[in-house]
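Spelled out, the chains give:
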Amino acid sequence: MQATTTSQKIRIGLFTILGILLLFAGIFFIGKSKSLFTSTYHVYGTFNNVGGLQIGNNVRFAGITAGSVDNITVLNDSTVRVDMRVQSKYQKFIKTDAVASIGSDGLMGDKLVTIAPGTVSQTPLKDGQRIVSVNPTDFDKVITKFTAVADHANTITAALADMATEMRGGKGTIGRLMYNDDLAVQIEGTMANANRMSAAFADLGNQVRSGKGSVGQLLYTDQLSQNLNNVSLSANKAMVSADDAVKNINQAAYNFSENMKALQGNFLFRSYFRKKEAAEGAEADILEQGATIQTTPNQNDLTDAELQEIRRSAEKSLENNRKTQKSGK
């Protein structure tokens, strides 16, 4: 065997020292990350499912690594206890209403326990005390739901593809609208008809504005108002003529009355008017007597024979008066 040279011994010593330094550095970093060289206290929480959490995973408080998972124990078929070792310098910030939950370090990173600070309590969580915990999201159920959604999305996509194919074939209202010219032609015909109707209405409006037709004359000419004024004037003239006729009749009646009064005062006609008044008074007396006799037969207790005699006497008197008047004439 060859003897070890000095240079080889130096190399071996350097590699040994470097290995020892690396070992101490690894122990230091691992101990620091696992809080082996710092003062810690113990808390625990219970979960229904730890979601792949392992011993040694980090415990974070407010986004800072504050400890590590010390132990995981299955208590029963629905409860798992997670013991955590947290650095003592964070104890005053972790209150009794703090909440522990299991999350991930990034999207696909390792599982860890996240402690959210409390908002009401001011009492720090003591060593060995239980922390309020929230069960992690069951990603298997989430994946199952996403799978169902994906299946539905595939079904919907297939239905939309069939719909698009039918639309390209010109089926349905939308297909005809997009891929068929018949509807466009009909719309163009409708627009043309609308334009013709608009032109007809415009022409009609122009004719009305020019005073043609009854509506045009009513709206844009004064002929109807002039006719109404003429009718009103004629009516007023007729009323004035009627008033004049009534005045003339009243004047004629008044003149006739005055003439009759004058004739009565004339000595030539005085005897005639006196005889006429006497005859009219006699007739009135006879008629009054007949009415009195007819209306009061029961009051005087007259018989039928007496009534007949009175009636004959009245008629005889009336006849004598008439003869007298005739002889006087």
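Data block above holds the structure.
Predicted model only: the values in this text are computed from it and were never measured.

Caption draft 1: Here's a closer look at the overall build of the protein chain. Regarding its fold elements, the protein chain presents 9 helices and 8 strands. Of the accessible surface of the protein chain, which amounts to about 24800 Å², a share of 59% is contributed by carbon and sulfur atoms.

Caption draft 2: Structural view of the sheet that holds strand 4 (residues 79-87). Read across the sheet, 8 strands follow the order 7-1-4-3-2-6-5-8 without closing on themselves; strand pairing throughout is mixed. Both edges of this open sheet fall to strand 7 (129-130) and strand 8 (132-134), since each of them pairs with a single strand only. Where strand 2 (residues 58-61) and strand 3 (residues 64-76) come together, 4 bridges link them in antiparallel fashion. Across the sheet, residue Val-59 finds its bridge partner in strand 3, namely Gly-67.

Caption draft 3: Examining the nonpolar core more closely. In this structure, Val-86, Ile-94, Ile-115 and Ile-131 are the most contacted members of the largest nonpolar core, which totals 22 residues. In terms of residues, this core owes the most to one element, strand 4, which gives 4 residues. Dropping the residues within four chain positions of it, Ile-131 is found in contact with Tyr-44, Gly-45, Met-84, Ile-94, Ala-98, Ala-100, Ile-115 and Leu-125.

Caption draft 4: Focus on unusual backbone geometry. A positive phi angle is found at Ala-62, which is not glycine, with a value near 55°. Mapped onto the secondary structure, Ala-62 falls in the loop between strand 2 and strand 3.

Caption draft 5: The packing of aromatic side chains, seen in detail. Tallying each qualifying case throughout the model produces 0 aromatic pairs. In this arrangement the basic side chain of Arg-81 is found over the ring face of Tyr-44, its NZ or CZ atom lying 3.8 Å from the centre.

Conventions and cut-offs
Per chain, the residues get numbers from 1 upward, laid out in the order the sequence is written. pLDDT decides what is reported in this predicted model: residues at 70 or higher carry local features, side-chain atom pairs at 80 or more are listed and counted, and totals for whole chains, interfaces and linings draw on all residues regardless. The basis for every side-chain value is the complete set of heavy atoms in the structure, and neither hydrogens nor water enter the calculation. Think of it this way: any DSSP run of H or I at least four residues long counts as a helix, any run of E at least two long counts as a strand, and we number them from the N terminus. Surface accessibility in these figures is a Shrake-Rupley result with a 1.4 Å probe; residues are shielded only by whichever protein chains are displayed. At least two DSSP bridges between two strands are required for those strands to pair. To define a nonpolar core, start from buried Ala, Val, Leu, Ile, Met, Phe, Trp, Tyr and Cys residues and group those joined through side-chain atoms within 4.5 Å. Per-residue accessibility, obtained with a 1.4 Å probe over protein chains only, is compared with the maximum for each type, and a residue is labelled buried under 20%, exposed over 50%, and partly exposed between these values. Contacts between residues were defined by any pair of non-hydrogen atoms, one from each residue, lying within 4.5 Å. Note on aromatic contacts: the rings of Phe and Tyr and the six-membered ring of Trp form a pair at centre separations within 6.5 Å, being stacked when their planes are under 30 degrees apart, edge-to-face when over 60 apart, and tilted otherwise. We call a charge positioned above a ring when the Lys NZ or Arg CZ atom is no farther than 6 Å from the ring centre and deviates by at most 35 degrees from the ring normal.

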